[in-house]
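Given next are the chains, with one letter for each unit.
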Amino acid sequence: MRHKDDAVRVVAAGVAMAATVPYLMLKLLWLTGSEVGVRDPGALGGLWTLNLLTFGMDAIALALALAFVRPWGRRAAAGLVAFPMWVATGLLGTILVAVPADLLSSLVLGPEHRPPGQHADDGLAGWVFALVYGGFGVQGIALITAFVLYARRRWAGLLQARIGDLPDSPTRNVQRALAAVAAPVALGVAAARAYWAAGGTVGLPLRWADDRGRSIATMEAVTAAMAVVAAVALLVLAFRIGPGRRLRVPLTAAWIGAGSLFGWGGYQLVAFGTSTTVPDLPGAVPGLMVLVQAGQFSAGLLMLAAGAIALTEWGARHHPADIESPG
């Protein structure tokens, strides 16, 4: 079984690395002034910083995939692997739920009819969407698979533990306080995202309110669900609800949900800040949307703090061995 897992991990990591290449090449072309895949020459204006950020994020995903199969990855500090993978899981995991849900809605409800000129991909060629999100889908499945197999070797004791096995340390009250603040904020984010997913427009930038397609609504709904999952799972862990139950279920839920809040909240704040020009500000910032994005990021950050404290204490008490050397 161990050798089979190792073989699958190597294949999954290789697929993940290959899946990053088309996206990295496209971003590199855009960063160097190419307009390949661009219908509107002005579509990339003001997006250089955002393209650089996303290029860097995908480059980190490539490095993570390599770390899961190389000796230096087995020796790397836990935080250097766990933190970027937590963010990657949140970003890619959300896409892995949202894209199939959007496709399913098209099959069930039929093609979306929108007024002429209102298309989510205006300014970009149709193949760009397929390349980007198809690559994210493959990358997400492969990278997460490789990480799960990596984690099963490196942190087997943690994944086999029960909720009640979490340390009852002096910082437990700190963890509970962080959870008690983060959970309501996350639920507030969920309420706002669910409202927008249902067609509400209060708080949206005026230039976006009339162009809310089904894909955007699906993403809002998935983000709302992730926020609820993260809040509930965090409360279960912080307050040790059901101490006899396996830890890996709420831990996985909190990992994905909190990563989604932090990753997408942070990305959207940066994207909004770098793509909004001064003339847009009066109509683009009613206030609520930026507040929701900030709350989303902040809730994820608080959850990160609570989780980091608990897992650091677990590691200090159990002294988990690193992944065994191959052979």
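One can find the structure itself at the top, above this paragraph.
All of the points below concern the structure found in this document. (Residues numbered from 1 in each chain as written. Predicted model: local features only at pLDDT ≥ 70, side-chain atom pairs only at ≥ 80, totals over all residues. Heavy atoms only, no water.)

1. Some thoughts on the overall build of the protein chain
Consideration 1: Scanning the protein chain from N- to C-terminus turns up 12 helices and zero strands.
Consideration 2: Starting at the N terminus and ending at the C terminus, the protein chain contains elements arranged as α-α-α-α-α-α-α-α-α-α-α-α.
Consideration 3: Considering the protein chain as a whole, with its 327 residues, one finds that 42% of them fall into the buried category.
Consideration 4: Long-range contacts, defined here as pairs at least 24 residues apart, represent 86% of the contacts in the protein chain between residues at least 6 apart.
Consideration 5: For the protein chain, the exposed surface amounts to about 16,000 Å²; the carbon and sulfur share of it is 70%. (Helix = DSSP H or I, 4+ residues; strand = E, 2+ residues; numbered from the N terminus. Buried < 20%, exposed > 50% of the residue type's maximum accessible area, 1.4 Å probe, protein only. Contact = heavy atoms within 4.5 Å. Areas by Shrake-Rupley, 256 points an atom, 1.4 Å probe, with all protein chains shown as cover.)

2. Things to note about helix α2 (residues 48-67)
Consideration 1: Taking 1.5 Å per residue, 20 residues should reach 28 Å; α2 reaches 29 Å between its end C-alpha atoms and fits that length.
Consideration 2: Turning to α2, its buried residues are Leu 50, Asn 51, Thr 54, Asp 58, Ala 61, Leu 64, Ala 65 and Ala 67. (Expected span 1.5 Å × (residues − 1).)

3. So, the pattern of salt bridges
Consideration 1: Taken as a whole and assessed by the stated rule, the structure comprises five salt bridges.
Consideration 2: Residue Arg 153 pairs with Asp 6 through a salt bridge whose shortest N-O separation is 2.7 Å. Taken together, the positions of Arg 153 in helix α5 (residues 126-154) and Asp 6 in helix α1 (residues 2-31) put the pair 147 residues apart, joining distant regions of the chain.
Consideration 3: Overall, Arg 153 belongs to the partly exposed group, its relative accessible area being 22%.
Consideration 4: By relative accessible area, which is 19% here, Asp 6 ends up buried.
Consideration 5: Overlapping salt bridges, with partners in common, bring together Asp 6, Arg 9 and Arg 153 in one network. (Salt bridge = Lys/Arg side-chain N within 4 Å of Asp/Glu carboxyl O.)

4. Regarding helix α12 (residues 288-318)
Consideration 1: The terminal C-alpha atoms of α12, which comprises 31 residues, lie 44 Å apart, in line with the 45 Å expected from a rise of 1.5 Å per residue.
Consideration 2: For α12, every residue scored as buried is listed here: Met 289, Val 292, Gln 293, Gly 295, Gln 296, Ala 299, Gly 300, Met 303, Ala 306, Ala 310, Glu 313 and Trp 314.

5. As for the environment of Ala 61
Consideration 1: Mapped onto the elements, Ala 61 comes out in helix α2.
Consideration 2: Exposure remark for Ala 61: the relative accessible area of 7% places this residue in the buried category.
Consideration 3: Apart from the residues lying within four places of it in its own chain, the contact partners of Ala 61 are Gln 139 and Leu 143.

6. Quick notes on the environment of Ala 63
Consideration 1: Along the chain, Ala 63 turns up in helix α2.
Consideration 2: Given a relative accessible area of 36%, Ala 63 falls into the partly exposed group.
Consideration 3: Sequence spacing of Ala 63 and Val 81 is 18 residues, and the spatial spacing of their C-alpha atoms is 9.8 Å.

7. Concerning unusual backbone geometry
Consideration 1: Positive phi is not limited to glycine here, since Arg 240 has a value of about 50 degrees.
Consideration 2: Considering the arrangement of structural elements, one finds Arg 240 in the loop between α9 (214-238) and α10 (248-275).

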